[in-house]
Amino acid sequence: DVGSLGVQHGITHDMVITADFIYAKGKNLILLEDANAPINGVRPNPDPSVNREITIITEGHSDYKALQVGVNKRFSDRYSLNVAYTLADNKTNAHGSQQFVTDPYNLDYDFGPSIDDARHTFNAAMLIEAPWGIKVGASTNIISGLPYNIVTGFDTNNDGQLNDRPANTEFNSGRGDTAWQVNARVSKVFGFGSVRTEFLVEAFNLFNNTSNGGFVGNLQSPDFGTPTNLLEGFPPRQVQLGFRVDF
């Protein structure tokens, strides 16, 4: 189920502001559970040949709410500008097809921020037509810290999974670092009769900022709270040269 409501207002002849509210509800999402999970430390079917009964069920659900605001200026007076900010809240009890539910007898015990719940997202892009036909573009992308799950490191409920959380701790209660990057592009078009050649240089993550991901949430680990990799979509700096010919 998805619903949205938006408004748009022109500030000047070439600039508008927008605001949108979005709500989406997911149903019948996949969960992975142990149908023979212990109750008070004892499995309902004590037969040792049965032990765990891994079952896929479709009882997961999610709720997404977001407010998106933006300013858009079309290209005029030698420049264009687009700015967007999103305030979002994305929660679910379905955290991946390889993630066992913590308590099969209370599926909403795992209802919490989804792995991609960026509470704040900011994007901006600008294009300038400089002298001598040179075009300069720049963009930035900033997201607040993504969640990660904090676990005790012990199998408190004897279900064979080390996914038990401390008391009164929501699923994905930890938050990583803010991630950001700045990209830039400079291009120049040369004309040779009917042939147009564009030369360009592009830099992704211009300032080579390190945006971390994969934070360790196991309280027993000496690396608790530290990242283990780079956040997807925020690679190290890359610079490329190119040209394009139109005829």
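In case you missed it, the structure is sitting above this.
The paragraphs below set out a description of the structure included in this document. Values in this document were obtained by computation on a predicted structure and should not be read as measured data.

## Examining the overall build of the chain
Argument step 1. Looking only at helices and strands, the chain features 0 helices and 14 strands.
Argument step 2. Projected onto its principal axes, the C-alpha coordinates of the chain cover approximately 85 × 40 × 35 Å.
Argument step 3. Within the span of the chain, comprising 247 residues, buried residues form 34% of the whole.
Argument step 4. On the chain, roughly 14,600 Å² of surface is accessible, and the fraction owed to carbon and sulfur atoms is 58%.
Argument step 5. Here the chain contributes 18 positive and 27 negative side-chain charges, whose respective centroids are spaced 14 Å apart.

## Overview of the environment of G242
Argument step 1. Topologically, G242 is positioned in strand β14 (residues 238-246).
Argument step 2. In this structure the C-alpha to C-alpha distance between G242 and F199, which are 43 residues apart in sequence, comes to 6.0 Å.
Argument step 3. Beyond its immediate chain neighbours, meaning those up to four positions away, G242 contacts E198, F199 and L200.

## A look at the pairing of strand β1 (residues 2-12)
Argument step 1. Summarising burial for β1: 0 of the 11 residues are buried, a small minority.
Argument step 2. Where β1 folds back on strand β2 (residues 15-34), the antiparallel hairpin that results is connected by 2 residues.

## Remarks on the pattern of salt bridges
Argument step 1. Summed over all chains, the structure comprises 13 salt bridges.
Argument step 2. Here K65 makes a salt bridge to D89, at a shortest N to O gap of 3.6 Å. Taken as a pair, K65 in strand β3 (residues 54-76) and D89 in strand β4 (residues 79-92) lie far apart in primary sequence, 24 residues in all.
Argument step 3. We note a salt bridge from R119 to D117, for which the minimum N-O separation is 2.8 Å.
Argument step 4. Connected through shared salt-bridge partners, K65, D89, D117, R119 and R175 make up one network.

## Notes on the packing of aromatic side chains
Argument step 1. Summed over all chains, the structure comprises 3 aromatic pairs.
Argument step 2. Plain terms: the ring middles of Y148 and F215 are 5.6 Å apart, the flat faces sit at 15 degrees to each other, and that makes the pair stacked. Remark: F215 occurs in the loop between β12 (212-213) and β13 (229-230) and Y148 occurs in strand β8 (residues 147-148); sequence separation between them is 67 residues.
Argument step 3. Under the relative-accessibility criterion, Y148 is labelled buried at 13%.
Argument step 4. F215 gets classed as buried once you look at its relative accessible area, which sits at 14%.
Argument step 5. Ring geometry for F190 versus F199: centroids 5.8 Å apart, planes at 75 degrees, classification edge-to-face.
Argument step 6. For F190, a relative accessible area of 35% corresponds to the partly exposed category.
Argument step 7. Classification of F199 by relative accessible area gives partly exposed; the value is 42%.
Argument step 8. Cluster of aromatic residues (ring-pair linked, three or more members): F190, F199 and F243.
Argument step 9. Taking the ring centre of Y79 as reference, the NZ or CZ of K73 above it sits at 4.0 Å.
Argument step 10. The side chain of K188 reaches across the aromatic face of F190, ending 5.3 Å from its centre.

## Focus on the side chain of T197
Argument step 1. Along the chain, T197 turns up in strand β11 (residues 195-204).
Argument step 2. Once you skip the residues sitting within four places of it in the chain, T197 turns out to touch K188, V189, F190, F192, R244 and V245.

## Notes on the side chain of T121
Argument step 1. Considering the arrangement of structural elements, one finds T121 in strand β6 (residues 120-129).
Argument step 2. For T121, the residues in contact, after removing those within four places along its chain, are A84, Y85, T86, N141, I142 and I143.

## Details of the pairing of β2
Argument step 1. Across 10 bridges, the pairing between β1 and β2 is antiparallel. Residue pairing across strands places S4 opposite I22, the latter belonging to β2.
Argument step 2. Pairing analysis gives 17 bridges linking β2 to β3, with the strands arranged antiparallel. Pairing of I22 across the sheet is with A66, part of β3.

## Overview of the environment of A37
Argument step 1. Here A37 lies in the loop between β2 and β3.
Argument step 2. The spatial distance from the C-alpha of A37 to the C-alpha of D103 is 8.1 Å, given a sequence separation of 66 residues.
Argument step 3. Dropping the residues within four chain positions of it, A37 is found in contact with R43, P44, P104 and Y105.

Definitions and cut-offs
Residues numbered from 1 in each chain as written. Predicted model: local features only at pLDDT ≥ 70, side-chain atom pairs only at ≥ 80, totals over all residues. Heavy atoms only, no water. Helix = DSSP H or I, 4+ residues; strand = E, 2+ residues; numbered from the N terminus. Buried < 20%, exposed > 50% of the residue type's maximum accessible area, 1.4 Å probe, protein only. Areas by Shrake-Rupley, 256 points an atom, 1.4 Å probe, with all protein chains shown as cover. Lys, Arg positive; Asp, Glu negative; His and termini not counted. Charge placed at Lys NZ, Arg CZ, Asp CG, Glu CD. Contact = heavy atoms within 4.5 Å. Pairing = 2+ DSSP bridges. Salt bridge = Lys/Arg side-chain N within 4 Å of Asp/Glu carboxyl O. Phe/Tyr/Trp six-rings, centres within 6.5 Å; stacked < 30°, edge-to-face > 60°. Lys NZ or Arg CZ within 6 Å of the ring centre and 35° of its normal.

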